[in-house]
Structure formats: C-alpha cells, structure tokens
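Chain and residue survey
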Amino acid sequence: MSLKIYNTLTRTKSEFKPITPNHVGMYVCGPTVYSDVHLGNCRTFISFDIIYRYLKYLGYKVRYVRNITDAGHLEGDRDEGDDKFSKIARLQQVEPMEIVQKYTVGFRNVMQLLNNLPPSIEPTATGHIAEQIEMTKQIMANGYAYEVNNTIYFDVEKYNKEQPYGILTNRKLEDLLEGTRELGGQDEKRGRLDFALWIRAKPEHLMQWPSPWGMGFPGWHIECSAMSEKYLGKNFDIHGGGMDLAATHHTNEIAQSRACYHTSPANYWVHTNMLTVNGTRMSKSLGNGFLPEELFTGNHPLLEKAYSPMVVRFFMLQTHYRSTLDFSNEALQASEKGLKRLWEAYELLENFTPDSYRDGNEQLAGDTELDAKVLALIATFDESMNDDFNTAKVLANMFELVPIINSIKEGLIKTTALSSATFILLQQKFKAYLEDVFGLTRISTGDDGTLDGVMQLLIEIRKESKAKKDYATSDKIRKQLNALGIELKDEKDGGMSWNK
Ligand code: AMP
Ligand code: ZN
C-alpha cells in the first residue's frame with residue numbers, strides 16, 4: 001500500500017517516490033507577515049502540518065521548510081508601489097522590521113495554539129538577500145532576464161520559446177496574455193507577463209539593500225526559489241501552498257529555477273483549496289477574514305460562541321484539503337460535538353485493559369463478524385491517508401467505530417466478540433491518529449471545550465511571562481494549576497501540553 005499524492009503539475013494522483021529513499025524535502029510558502037493571519041491562511045498551514053505529520057508517521061525523515069515573507073511582497077502582488085511592510089510601518093511610524101516582528105510572533109503563537117509542528121527551517125526573505133541576488137545574476141547570465149533602469153525583469157516570452165511557461169496550470173502563453181493588460185508608455189518591461197526579480201528602490205523606500213544594480217529589493221517570487229534551493233537543493237520532492245499561488249507565484253518559481261539551474265524545482269506540487277465564507281474565499285482584502293483569536297474568544301459579531309483551537313483544527317480536518325470548506329457557526333458547532341464524541345470514545349479505549357476483559361480468551365483476530373468489521377475499519381485509516389491524505393475519510397470511519405467502542409463499555413458486546421489483538425490495535429491506531437497524525441491535543445470531555453481554550457490561554461500567558469523573565473507569574477500559574485489537579489508538561493518541540 002503506497003502513498004499517492006495529487007500533483008497539480010501532472011493533474012493526476014500518482015505514487016509518491018522520494019528522490020532519496022526514506023527522505024522527503026518539502027517547501028511550503030509561508031505567510032507575508034504584515035498583518036494577522038486569518039483562518040483561511042490557517043487552513044493551508046494545518047493541511048501541510050498534516051502532510052508533514054503523516055510523512056513522519058510513515059517513517060520518512062522530513063525536512064520541512066516554510067518561509068516567512070518579510071520583504072519584497074508589493075501591494076496588489078505586482079511590481080510597482082510600496083511593499084506591504086513599509087506601507088504599514090509608515091502609517092504606524094515604526095520600523096518595517098517592527099511590523100515583521102509583531103506579525104511573525106503572532107503567526108507562531110497561532111500555529112502553536114493550533115498545534116502545528118514547527119517546520120524544520122523557517123527562513124526569511126530578508127535573511128537571504130545575497131542568495132536572491134546571486135540567483136538573479138545567474139538568470140541574467142543564462143539570458144532569461146534583462147535590466148531596465150536598475151530593475152531586473154524575467155523575460156517570460158524568451159523562456160516560453162524553449163519551455164512552456166504555463167506548465168503548472170496547463171495554460172498556453174497566448175491564453176495567459178489575454179488575461180493581462182496592455183503595456184503602457186511608462187512600463188519598463190518588454191513583455192506583459194514579465195515580472196521583476198530585483199526592483200530598484202526610490203530613496204524614500206524603507207527596505208532596501210545594495211546590489212550590482214544599485215540599491216533595491218527583491219521581487220516576491222525569487223525568495224522562494226532561492227531559499228528552497230539553499231535548503232532542499234535544486235530538485236526536491238514537494239512544494240506546497242494555497243491554490244491561489246499556483247497561477248503566478250509558483251508558475252514564476254518554476255520559471256526562475258529552470259532558467260537558473262535547468263531543472264524543475266519540485267517533483268510534486270501540492271495545492272490546498274480555499275476556506276470560504278458564504279461561498280466567497282476568505283481574504284484580507286475582501287474584509288471577510290476571521291482571525292483565529294476572534295474564534296478562540298468568540299469576540300466577533302457573527303460568532304455565536306467561542307471555539308477552542310482544537311475544535312477549529314478538527315473542523316478543518318473533516319474536509320479533504322483539495323475541496324473548498326465553508327465556514328459557519330453551524331459547522332463549528334457540529335465539529336465541537338463530533339470531537340467530544342471522539343475523545344470520549346478514545347478515553348474509554350485508553351482506560352480499558354483488554355486482558356482482564358478477555359480473561360484468557362484464545363480467539364484470534366478476525367474470527368467474529370464484529371472483529372473483522374473493526375479490523376477492516378482500522379485498515380481504512382492508512383488506506384485513506386495514502387489516498388492523497390484523505391483526513392475526512394479517516395474521521396468518517398473513526399466515527400463508525402465510536403458506537404462499537406461505546407457498546408463495549410456498556411457491556412453490550414460479549415467478551416468473546418473482539419480479540420485482544422484487535423483491541424490493542426484499535427487502541428494504538430486511535431492514539432496514533434488522533435494525537436500524532438491529526439495533532440489533536442486532548443480536550444476535556446467534561447465540558448464543551450471551553451476548558452481547553454482557557455488552558456491554551458494560560459499556557460500562552462505563562463510562556464510570555466517566562467520570556468519576559470517574570471518567573472513569579474509563570475510559577476504562580478503552574479502551582480495554582482497543580483493545586484487544581486492540572487499538570488503542565490514541556491514538550492520536546494518547545495510547546496506545552498496539559499493533563500488533568
Ligand atoms: P499570504 O500570507 O497571503 O501569502 O498567504 C499565506 C498562505 O495562505 C498562502 O499559501 C495562501 O495561498 C493561503 N491562503 C490565503 N487565503 C486562503 C483561504 N481563504 N483559504 C486557504 N488558504 C488561503
Ligand atoms: Zn513562495
């Protein structure tokens with residue numbers, strides 16, 4: 001049973017074959033840190049966290065690189081105008097790097113609350129200016145870029161004469177050209193689809209660096225090409241991001257890497273579908289973005305109540321990552337109930353000792369109808385995940401197991417119905433999937449998930465007070481929680497969990 005992944009590049013689901021056996025290199029486009037991440041962004045990062053976790057579950061050694069875009073991303077995703085950081089910095093009269101710092105910290109906090117594992121490397125665009133300049137120089141030397149007044153443009157039409165530019169979204173240059181505006185008198189670039197690799201800076205531009213072409217800053221797309229090559233090599237396994245990035249950002253990444261190194265950057269291109277609100281994509285520019293914090297606190301006019309980070313995560317996992325997912329109060333409430341049912345069943349399983357239950361029964365796994373049914377359902381977990389990471393299907397089958405687990409507790413199932421081996425497998429698989437693959441931390445089944453939300457908040461406050469060396473506050477939180485029978489535990493990855 002092998003892992004199959006849907007590849008945007010080939011438009012098919014195909015068997016995953018890593019370049020180096022047992023190793024996977026994965027690059028995912030990270031956030032542009034000029035504002036808070038909204039729930040749509042979170043959906044994409046949760047999807048790749050699941051992919052990362054599942055690859056590890058399969059035994060791969062994964063290097064997961066997710067960048068932070070902290071320079072070069074201009075307003076409207078084009079080559080003119082101010083960059084997103086400078087604009088806000090100017091408005092707030094702070095340094096652009098203060099904006100970057102604020103939203104990077106905010107992003108990492110949200111990722112931790114949602115229990116996304118930190119990537120192996122989290123490189124920043126500003127930390128890799130030299131690499132981006134080197135790559136731009138090489139693309140020019142290879143004849144695929146030209147300079148106009150100290151700005152360097154990628155020559156799309158020249159590139160397209162030798163290899164198809166629109167390969168990722170399967171579109172011809174003529175079709176792509178149709179969707180762009182005519183070049184005007186002030187336009188410097190030669191072709192309508194040409195894009196900037198390096199942009200000269202006006203003196204008042206806040207973020208600029210020296211280069212062979214004078215003071216300037218990198219274009220948005222070159223950072224991902226330069227950083228993926230640096231940490232994963234010229235050709236690596238998986239490149240991911242939201243679907244909205246495929247047509248331009250990822251198309252340009254492929255063109256840059258091929259023009260520079262004559263090889264395709266990634267073998268598998270994975271794109272997540274959008275989180276929508278009433279059918280419209282959630283986006284900052286449309287003003288329909290829900291912030292994670294608004295969900296965790298319930299502080300939003302359209303929200304009926306607060307939802308814990310784990311309910312939000314679970315809500316996302318109930319839909320396959322390549323389908324759109326519509327956000328609503330009703331859907332979240334259903335997820336909250338569903339997650340509670342699942343944890344209750346899991347706790348029953350955990351607290352059950354099959355040996356005492358079975359009491360010397362010699363029966364082998366698969367012997368009874370029920371035993372065979374349970375084994376078949378368990379087998380679908382890996383099968384579904386191997387089918388392009390179908391978390392929705394795994395959860396549907398977990399729910400089919402819930403009444404069986406509950407009936408064991410209620411004594412409705414005869415002790416001879418399930419073998420110990422099946423029982424132990426059921427316990428192991430529930431644990432592996434809920435905790436390791438799906439990354440769901442325990443919610444208290446005694447309430448509606450509020451306690452988990454409160455606990456996450458306390459963990460955050462404790463972390464912040466430790467960072468500020470305010471040990472009196474951090475100790476007080478730990479001691480008083482201990483007094484209430486709640487234990488805080490430091491995790492290996494720097495996170496923290498709790499137990500009651
Ligand atoms: P940005 O910070 O705008 O560069 O976006 C970060 C990531 O979030 C990118 O991979 C986007 O494709 C993704 N993204 C943006 N909006 C949504 C949405 N509504 N649903 C899912 N992913 C999104
Ligand atoms: Zn990128």
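None of these values were measured; they are calculated from a predicted model.

**Considering the side chain of Thr44**
For Thr44, the location among the structural elements is in helix α1 (residues 39–57). Setting aside chain neighbours within four positions, we find Thr44 in contact with Gly241, Gly242 and Thr272.

**Thoughts on the domain arrangement of the chain**
Split into domains, the chain comes out as domain 1 (4–272), domain 2 (277–437) and domain 3 (450–499). Put simply, the middle of domain 1 and the middle of domain 3, counted by C-alpha atoms, are 37 Å apart. Facing 5 residues of domain 1, the contacting portion of domain 3 comprises 7 residues. Summing both sides of the interface, domain 1 and domain 3 together bury roughly 460 Å²; the carbon and sulfur share of this comes to 43%. Three residues, Asn109, Gln112 and Leu113, lead the burial of domain 1 against domain 3; their summed loss comes to 79% of the area buried on that side.

**Thoughts on the site of ligand 1**
In the neighbourhood of ligand 1, 17 residues make up the surrounding shell, with Gly40, Thr44, Asp244, Leu275 and Met282 lying closest. Take Thr32: an N or O atom from its main chain is 3.0 Å from an oxygen atom of ligand 1. Here an oxygen atom of ligand 1 and a side-chain polar atom of Asn41 are 3.0 Å apart. Computed on the free molecule, ligand 1 has an accessible area of 500 Å², of which 90% lies beneath the protein chains in the complex. For the shell around ligand 1, the elements supplying multiple residues, two or more each, are α1 and β9 (236–242). The greatest single-element share of the shell around ligand 1, amounting to 4 residues, is contributed by α1. Here the residues of the shell around ligand 1 are counted per class, giving 6 nonpolar, 9 polar and 2 charged.

**Points about helix α4 (residues 129–141)**
In this model, α4 (13 residues) spans 18 Å end to end at C-alpha, consistent with the 18 Å of a helix rising 1.5 Å per residue. Among all positions in α4, only Ile129, Gln132, Ile133, Met135, Thr136 and Ile139 are buried. Down the axis of α4, the buried side of the element spans an arc of 165 degrees, and every buried residue falls inside it. Looking at α4, the residues exposed on the side facing more than 90 degrees away from the buried face are Ala130 and Ala141.

**Focus: the pairing of strand β2 (residues 12–15)**
As defined by bridge partners, strand β1 (residues 4–7) adjoins β2 across 4 bridges and the pair is classed as antiparallel. If you follow Asn7 over to β2, its bridge partner there is Thr12. Between β1 and β2, which pair antiparallel and follow one another directly, the connecting turn spans 4 residues, one of which, Arg11, has a positive phi of 55 degrees.

**Thoughts on the coordination of the zinc ion (ligand 2)**
The coordination sphere of the zinc ion (ligand 2) contains the protein donors Cys29 (SG), Cys224 (SG) and His249 (NE2), at a distance range of 2.0 to 2.2 Å. In primary sequence terms, the donor set of the zinc ion (ligand 2) follows C-x194-C-x24-H. Of this pair, Cys29 sits in the loop between β3 (23–28) and α1 while Cys224 sits in helix α7 (residues 220–232), placing them 195 residues apart in sequence. Of the two residues examined, Cys29 and Cys224, each falls in the buried class.

**Description of helix α3 (residues 96–113)**
Here α3 contains 18 residues, and its C-alpha end-to-end distance of 26 Å stays within 8% of the 26 Å for a straight helix at 1.5 Å per residue. For α3, the set of buried residues is Pro96, Ile99, Val100, Tyr103, Thr104, Phe107, Asn109, Val110, Met111 and Leu113. Taken from the residues just after α3, Asn115 is the one with a positive phi, measuring 60 degrees.

**What to know about the packing of helix α10 (residues 309–317) against helix α11 (residues 329–350)**
Across the interface, α10 lies against α11 with an axial gap of 9 Å and an inter-helix angle of 100 degrees. Viewed along their axes, α10 and α11 adopt a mutual orientation that is roughly perpendicular. Contacts between α10 and α11 involve Met310, Val311, Val312, Phe314 and Phe315 on the former and, on the latter, Ala331, Leu332, Ser335, Glu336, Gly338, Leu339 and Leu342. Looking at the contact of α10 with α11, its residues break down into 9 nonpolar, 2 polar and 1 charged.

**Looking at the side chain of Thr151**
Relative to the helices and strands, Thr151 resides in strand β6 (residues 151–154). A polar contact is formed between the side chain of Thr151 and the side chain of Arg200, at a distance of 3.0 Å. Every residue in contact with Thr151, bar those within four places of it in the chain, is listed here: Tyr146, Glu188, Ala196, Trp198, Ile199 and Arg200.

**Looking at the sheet that holds β3**
Read from one edge of the open sheet, 4 strands run β4-β3-β9-β10, paired in parallel fashion. At either end of the open sheet lies a strand with only one pairing partner, and these are β4 (61–66) and β10 (266–272). Averaged over neighbouring strand pairs, the angle between their axes works out to 20 degrees when direction is ignored. Bridge analysis of β9 against β10 gives 6 bridges, and the strand direction is parallel. In the sheet register, Gly241 faces β10, and the bridge partner there is His271.

**Let's talk about the pattern of salt bridges**
Taken as a whole, this structure holds 21 salt bridges when the rule is applied. Here Lys463 and Glu460 are joined by a salt bridge, their closest N and O atoms 3.6 Å apart. Of this pair, Lys463 and Glu460 both sit in helix α16 (residues 450–467), 3 residues apart, which is roughly one turn of the helix. The class for Lys463 is partly exposed, based on a relative accessible area of 31%. Here the salt bridges do not stand alone but share partners, grouping Glu347, Glu350, Lys431, Glu435 and Arg442 into one network.

Thresholds applied
- Residues numbered from 1 in each chain as written.
- Chains lettered and ligands numbered in written order.
- Predicted model: local features only at pLDDT ≥ 70, side-chain atom pairs only at ≥ 80, totals over all residues.
- Heavy atoms only, no water.
- Helix = DSSP H or I, 4+ residues; strand = E, 2+ residues; numbered from the N terminus.
- Contact = heavy atoms within 4.5 Å.
- Domains from an automatic or database assignment.
- Buried area = accessible area lost by both parts, 1.4 Å probe.
- Near = heavy atom within 4 Å.
- Polar contact = N/O pair within 3.5 Å; in protein donor to acceptor, adjacent residues only side chain to side chain.
- Areas by Shrake-Rupley, 256 points an atom, 1.4 Å probe, with all protein chains shown as cover.
- Nonpolar A, V, L, I, M, F, W, Y, C, P; charged D, E, K, R; others polar.
- Expected span 1.5 Å × (residues − 1).
- Buried < 20%, exposed > 50% of the residue type's maximum accessible area, 1.4 Å probe, protein only.
- Arc of directions from axis to C-beta.
- Pairing = 2+ DSSP bridges.
- Donors = N, O, S within 2.8 Å, 3.2 Å for Na, K, Ca; no water.
- Axes fitted to C-alpha atoms, helices over the stretch in contact; angles between N-to-C directions.
- Parallel < 35°, antiparallel > 145°, perpendicular 65-115°, else oblique.
- Salt bridge = Lys/Arg side-chain N within 4 Å of Asp/Glu carboxyl O.

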